[in-house]
Structure formats: structure tokens, C-alpha cells
Amino acid sequence: MTDQLDAQQTRALSVETNGLNVIPDADRKGRPSQLFWPWFAANVSVLGLSYGAFALGFGISFWQAAIAGVIGVVFSFLLCGLIALAGKRGSAPTMVLSRAAFGVRGNKLPSLVSWLLTVGWETVLTILATLATATVFERLGGGGGSLTKVIALVVVGLLTVACGVLGFDLIMRAQTVITVVTGVLTVVYMILVADHIHWSTVSALPSGSTQAVIGALVFLMTGFGLGWVNAAADYSRYLPRRSSSAGVVGWTTFGGSVAPVVLLVFGLLLAGSSQDLSKAIAADPIGALAEALPTWFLVPFVIVAVLGLVGGAVLDIYSSGLALLSLGLPVPRYVAAFIDGVVMIAGTIYVVFYGGEFLGQFQGFLITLGVPIAAWCGIMLADIASRRRDYAEDDLYRPSGRYGDIQWLPVVTMLVATGIGWGLVTNTLASWLTWQGYLLGAFGLGGKEGSWAFANLGVLVALVLGFVVQWLAGSAAVRRQEARQEVAA
């Protein structure tokens with residue numbers, strides 16, 4: 001037993017050599033239930049509380065926001081669970097398995113979007129950890145200036161990059177610890193601030209329009225599960241092929257959604273009780289949550305905030321490194337993860353020390369990249385549902401194989417769905433996105449100033465369009481591929 005534990009510890013502290021390759025049979029291990037730990041740890045961050053303020057910012061009531069939140073969170077992580085099935089069936093990273101639909105070189109398009117999304121998310125989480133640490137230390141009287149931010153950035157950056165570079169075994173061990181620590185401290189936080197909730201104020205919040213509810217639902221989808229779909233198979237690929245498909249979907253969905261649902265509802269109660277808190281969250285989504293805490297819990301709050309954000313950033317940097325490799329960068333996986341870490345730190349420095357208001361840019365980032373990743377997700381789901389056989393592993397790496405070089409149908413579908421989707425979303429808080437929403441008038445939705453402008457229908461349209469086109473027109477290509485696979489067998 002001691003030798004086994006020593007071996008596990010040695011693996012966790014050594015650099016993972018797996019990259020884009022298919023995981024060998026001998027290295028596939030574990031049970032679907034173990035997927036709970038990385039997905040829970042990546043989403044137990046107190047940032048989930050801030051989403052309560054974000055949702056109410058659409059001008060809707062508590063009950064409207066709660067219903068939109070539960071549906072948006074659970075459905076978006078169900079998408080992750082379904083994509084994770086490809087990992088079990090193919091034992092390769094998500095962006096390699098996507099080649100079966102897009103072709104080996106055609107998949108560079110979704111790989112680029114995936115890289116931008118994951119490296120963007122890890123940067124956002126590092127920004128939040130840095131700002132939260134500075135805010136808390138300012139309350140403690142230790143100063144929240146540049147020096148504090150630099151120290152916080154160094155600590156968070158080192159933790160994230162180290163896990164990303166060392167790889168899967170360390171990530172799984174670290175996420176288990178993060179789950180326990182952040183879970184316990186988050187419950188303590190909720191107990192300490194519960195007296196700041198005023199139900200009479202919360203229940204008096206006026207109801208908003210149907211369009212506003214849809215806008216909140218879409219925003220929460222992109223902020224939670226839809227932001228993870230492009231990485232969903234990166235962890236299930238280590239499971240044995242005989243693992244339960246229902247278990248893979250169920251544990252991924254449950255692990256990813258259970259903490260955000262609880263945190264979101266509690267965050268709605270907090271933000272709905274105080275307009276001042278809601279406004280403060282827009283500037284510093286994590287640090288603002290510390291204002292209601294007694295001084296003695298501020299240090300534990302920093303720990304729970306930083307660990308929760310690091311838990312998400314670690315999964316992002318691991319997957320962003322894989323996405324960078326799938327774009328064709330000729331370096332080992334750990335080098336790709338290190339490069340992403342440098343980009344992450346550079347982005348954090350810019351926003352923390354030179355950037356402006358956070359929320360508008362954050363919403364713009366989520367919705368803008370949420371459209372193409374939703375289109376890819378729809379195409380990928382249809383492709384997975386069409387397949388009756390496991391992937392032909394060697395052909396995932398050969399442009400001359402059965403999956404081809406460029407599959408033009410899904411490539412064009414993703415581009416068209418993205419173009420239509422961007423025409424149906426808006427974000428006036430981010431000046432660099434004023435070009436969006438160009439189809440709202442043409443579709444009779446009232447233009448950029450109409451009531452449907454902030455429903456962000458483009459994300460849902462891109463998801464549905466990608467699925468329907470690939471299911472109806474792409475299934476024939478899948479059948480031809482599998483017929484060739486049967487002949488070759």
C-alpha cells in the first residue's frame with residue numbers, strides 16, 4: 001500500500017508526457033464518479049455568488065433569475081457531459097476528437113476558438129483572484145496597492161502554471177484538495193453573511209420581460225457550462241472504454257452544476273438585498289463579496305476565493321495547452337501550457353494595472369466567444385450522436401485518413417452560424433463590440449434598441465443551427481466513414 005501511494009505521489013509531481021496522443025489502454029484508469037472532483041473544484045468558486053448580481057442586472061425578479069439560472073447552468077453542463085462521451089470513446093483530447101467532424105486541418109478553426117476561450121477564461125480567473133486579494137488586504141490595513149497585486153499575481157500564476165505544466169495526475173490530486181477546502185469555507189462564508197439577506201427586499205424586485213429572462217439564461221449558460229464544452233473530453237479520455245456512458249454524462253453534469261446552482265441562488269439573495277453590493281460586484285466581482293465579512297474571516301476568504309479561482313484556471317490552462325497543440329504548434333504539451341501561462345499573466349497585468357471597468361468587458365468576452373463555441377458544440381453533439389463505433393484512432397492524425405483533411409460542411413456551418421449568431425447579440429457596455437446585432441432589425445426584432453436586443457438569441461441560434469445542419473447533412477458522411485472502418489477491420 002505504501003509503495004502504491006509513493007508511486008501515485010511520484011506521478012503527480014512528474015511532468016505528464018501525454019499530449020494530443022490517444023491514451024494507451026494500460027494508462028486508462030478510474031471510474032466515471034471520479035469526474036466529479038475536477039468539475040466540482042473548477043466551479044465551486046465564490047465567483048458563482050457574483051453571478052447573482054450579473055443575472056439581476058438584466059432587470060428581472062429573484063424567481064425569474066433563479067429559474068433562468070437553474071435551467072441555464074444544468075443544461076449547459078449537460079452539454080459538457082454529452083461531449084465528454086467522446087473522450088471515453090476516443091481516449092484523445094476534445095480538439096483531436098473534433099477532427100472526426102471537421103477533418104484534420106479543418107479542425108484548426110474550432111481549435112483556434114477553443115484556445116481563445118480557454119486562455120481568456122484562465123486570464124479572467126487570474127484577474128479576479130488578484131483583485132480579490134488586493135481588496136481584502138486593503139480592509140486588513142495591509143494596503144491593496146500595486147505591490148499587493150503583484151504578489152497575488154505571482155502566487156496565483158505560479159500555482160496555475162505549475163499544475164498546468166505538470167499535468168493530469170497533479171490536477172486530479174489538487175482538485176480533490178481544492179474541492180474539500182473551498183467547499184467547507186464557502187459554507188462558512190454563507191453562514192456568516194446570511195443575516196445580510198432581506199427577503200422582503202428580494203421578493204419585492206419587479207419582474208422583467210421574457211426577453212430579459214432569456215438574456216440572463218444565455219449569459220449564465222455561457223458563463224458556466226458552455227465555457228467548458230470545448231474541454232469536456234480532456235478528462236474523460238483517461239477512463240477505460242468500458243466505463244458507463246450514463247455515468248460519464250451524469251457525473252460530469254452533476255459535478256459541474258451542483259455548486260454553481262447553490263452559489264447562484266445564494267448570490268441572488270445577497271445581491272437582491274443590496275443595490276450597493278450589486279454595483280460593487282461590477283467593478284470587483286470577488287472582492288466586493290468580502291465587505292459583509294467580519295475581519296477574522298478575511299484571510300480564510302482570500303484562501304477560498306483564490307483556491308476556487310485557481311481550480312478553474314488549472315483546468316483551463318491544461319486544455320488551452322492542448323488546443324494550442326492542436327493548432328499545430330510543434331512543442332511538447334508542457335511547453336504549450338507554459339506559453340499559455342505567459343499569455344495569461346500578460347493579460348492579467350494589462351487589465352489589473354491598465355484596464356477599466358470589468359463587468360462590461362467580461363460580458364462581451366463571454367457572449368462573443370459563446371456564439372462560435374455554441375455552433376461548434378451543436379456540430380460536435382450531432383457528430384457524436386451519429387456515430388455507432390469508436391473512433392479510428394490513427395485517422396485522427398492523418399489528413400489522408402477516413403476523416404479527411406477539411407470537411408467543408410461543418411467548417412462552413414460553423415462560420416455561417418457564427419455570423420448569424422453575432423448578428424443577434426449585443427453588448428453596449430463593451431465599446432469594441434458595437435458592431436454586433438446587425439441582424440436584429442432584418443429579423444424583425446426591433447434593431448439594437450429593441451426589446452430583443454439583449455436576449456442574446458444568437459448563442460442559442462448558433463447551437464441549434466450547428467446541430468440541425470450537421471445531423472441532417474453530416475450523418476451521411478459519418479456513415480461513409482464507419483463503412484470504411486468496417487472494411488478496414
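Each value, and the rule that gives it
Residues numbered from 1 in each chain as written. Predicted model: local features only at pLDDT ≥ 70, side-chain atom pairs only at ≥ 80, totals over all residues. Heavy atoms only, no water. Helix = DSSP H or I, 4+ residues; strand = E, 2+ residues; numbered from the N terminus. Rg over C-alpha atoms; globule rule 2.2 N^0.38 Å. Buried < 20%, exposed > 50% of the residue type's maximum accessible area, 1.4 Å probe, protein only. Contact = heavy atoms within 4.5 Å. Areas by Shrake-Rupley, 256 points an atom, 1.4 Å probe, with all protein chains shown as cover. Lys, Arg positive; Asp, Glu negative; His and termini not counted. Charge placed at Lys NZ, Arg CZ, Asp CG, Glu CD. Axes fitted to C-alpha atoms, helices over the stretch in contact; angles between N-to-C directions. Parallel < 35°, antiparallel > 145°, perpendicular 65-115°, else oblique. Left-handed = near helix turned anticlockwise from the far one by under 90°. Nonpolar A, V, L, I, M, F, W, Y, C, P; charged D, E, K, R; others polar. Expected span 1.5 Å × (residues − 1). Bend = angle between axes of the 7 residues up to and from the residue. Polar contact = N/O pair within 3.5 Å; in protein donor to acceptor, adjacent residues only side chain to side chain. Core = buried A, V, L, I, M, F, W, Y, C linked by side-chain atoms within 4.5 Å. Phe/Tyr/Trp six-rings, centres within 6.5 Å; stacked < 30°, edge-to-face > 60°. pLDDT = per-residue confidence, 0-100. Salt bridge = Lys/Arg side-chain N within 4 Å of Asp/Glu carboxyl O. Arc of directions from axis to C-beta. Patch = residues over 30% accessible without salt bridge, like charges linked within 9 Å, V, L, I, M, F, W, Y side chains within 5 Å.

The subject of this paragraph is the overall build of the chain. For the chain, the count of helices and strands is 19 helices and zero strands. For 489 residues, the compact-globule estimate of 2.2 N^0.38 gives 23 Å, and the C-alpha radius of gyration of the chain, at 22 Å, lies within 12% of that figure. A principal-axis box enclosing the C-alpha atoms of the chain has dimensions of 70 × 65 × 40 Å. Across the 489 residues of the chain, 60% fall into the buried class. In the chain, the share of contacts with a sequence separation of at least 24, taken over all contacts with a separation of at least 6, comes to 86%. For the chain, the exposed area adds up to about 18500 Å²; of that, 67% sits on carbon and sulfur atoms. Taking the average location of the 26 positive side-chain charges in the chain and that of its 25 negative ones, the two points are 9 Å from each other.

Remark: helix 7 (residues 108–139) packs on helix 15 (residues 298–326), axes separated minimally by 8 Å, with the N-to-C direction vectors making an angle of 165 degrees. When the interaxial angle is binned, helix 7 and helix 15 end up roughly antiparallel. The interaxial crossing formed by helix 7 with helix 15 has left-handed handedness. Along the lines of polarity and charge, the residues of the contact of helix 7 with helix 15 split into 16 nonpolar, eight polar and four charged.

Okay, helix 13 (residues 245–273) next. The α-helix winds at 3.6 residues per turn, so residues separated by three or four positions along the chain end up facing the same way. With 29 residues, helix 13 should cover 42 Å at 1.5 Å per step; its first-to-last C-alpha distance of 42 Å lies within 8% of that length. In helix 13, a bend of some 30 degrees at Ser-257 exceeds every other bend along the element, and Pro-260, a proline, comes one to four places later. When you tally the buried positions in helix 13, you get 21 out of 29 residues, the bulk of the element. Capping the start of helix 13, Ser-244 holds a side-chain oxygen 3.4 Å from the backbone nitrogen of Ala-246, two or three residues further along.

In this section: the nonpolar core. A general tendency of soluble globular proteins is for nonpolar side chains to be buried together. With 133 residues, the main nonpolar core has Tyr-51, Trp-121, Tyr-189, Ile-286, Phe-301, Trp-376 and Tyr-391 as its most contacted residues. Here this core gets 16 residues from one element, more than from any other, and that element is helix 15. Residues Leu-439, Leu-440, Ala-453 and Ala-455 belong to the second largest nonpolar core, which totals seven residues.

For the rest of this paragraph, the subject is the packing of aromatic side chains. The relation between two aromatic rings is expressed through the spacing of the ring centres and the mutual angle of the planes. All chains considered together, the criterion is met by 20 aromatic pairs. Considering the side-chain rings of Tyr-235 and Tyr-318, the 5.7 Å spacing of their centres and the 35 degrees angle between planes classify their relative orientation as tilted. Of this pair, Tyr-235 sits in helix 12 (residues 233–236) while Tyr-318 sits in helix 15; the two residues are 83 residues apart in sequence, bridging distant segments of the chain.

Time to look at the confidence of the model for the chain. Mean pLDDT over the chain works out to 86, with 93% of the residues at or above the 70 mark. This model gives residues 1–10 a pLDDT under 50, and the stretch forms two contacts once residues within four places in sequence are excluded.

What follows is about the pattern of salt bridges. Counted by the stated rule, this structure contains eight salt bridges. With a shortest N-O distance of 2.8 Å, Asp-383 and Arg-387 are connected by a salt bridge. The exposure classification of Asp-383 matches that of Arg-387, with both residues buried. In this structure, the salt-bridge partner of Arg-398 is Asp-395, at a minimum N-O distance of 2.3 Å. Its relative accessible area of 2% is what places Asp-395 among the buried residues.

Phi is positive for Ser-91, which is not a glycine, with a value near 55 degrees. Mapped onto the secondary structure, Ser-91 falls in the loop between helix 4 (62–90) and helix 5 (94–97). At Asn-456, a position not held by glycine, the phi torsion is positive, near 50 degrees. Assessed through its relative accessible area of 4%, Asn-456 is described here as buried.

What follows deals with the packing of helix 3 (residues 47–56) against helix 11 (residues 210–223). Running from N to C, helix 3 and helix 11 cross one another at 150 degrees; their axes reach a closest spacing of 9 Å. Accordingly, the angle class assigned to the pair helix 3 and helix 11 is roughly antiparallel. Like other packed secondary-structure pairs, helix 3 and helix 11 cross with a definite hand, here right-handed. Between helix 3 and helix 11, the residues in contact are Tyr-51, Phe-54 and Ala-55 and Ala-216, Phe-219, Leu-220 and Gly-223, respectively. Each residue belonging to the contact of helix 3 with helix 11 can be placed in one class, and the counts come to six nonpolar, one polar and no charged.

Within the secondary structure layout, Thr-130 lies in helix 7. A relative accessible area of 1% means that Thr-130 is categorised as buried. A distance of 2.9 Å separates a polar atom in the side chain of Thr-130 from the backbone oxygen of Thr-126. Excluding its chain neighbours within four sequence positions, the residues that come into contact with Thr-130 are Lys-149, Ala-152, Leu-153, Thr-348 and Val-352.

Within helix 14 (residues 275–283) the residues assigned to the buried category are Leu-277, Ile-281 and Ala-282. Looking down the long axis of helix 14, one finds its buried residues gathered within 145 degrees of arc, a one-sided arrangement. Seen from the buried face of helix 14, the exposed residues on the opposite side, beyond 90 degrees, are Gln-275, Asp-276 and Lys-279.

Side chains of Val-464, Phe-467, Val-468, Trp-471 and Leu-472 sit close together on the surface and give an oily, nonpolar patch of about 470 Å² of accessible area. In this structure Leu-472 comes out as exposed when scored by relative accessible area, which is 67%.

Its location among the elements puts Thr-253 in helix 13. Among the polar contacts made by the side chain of Thr-253, one reaches the main-chain carbonyl oxygen of Phe-77 at a distance of 3.5 Å. Not counting chain neighbours up to four residues away, the residues in contact with Thr-253 comprise Val-74, Phe-77, Leu-78 and Gly-81.

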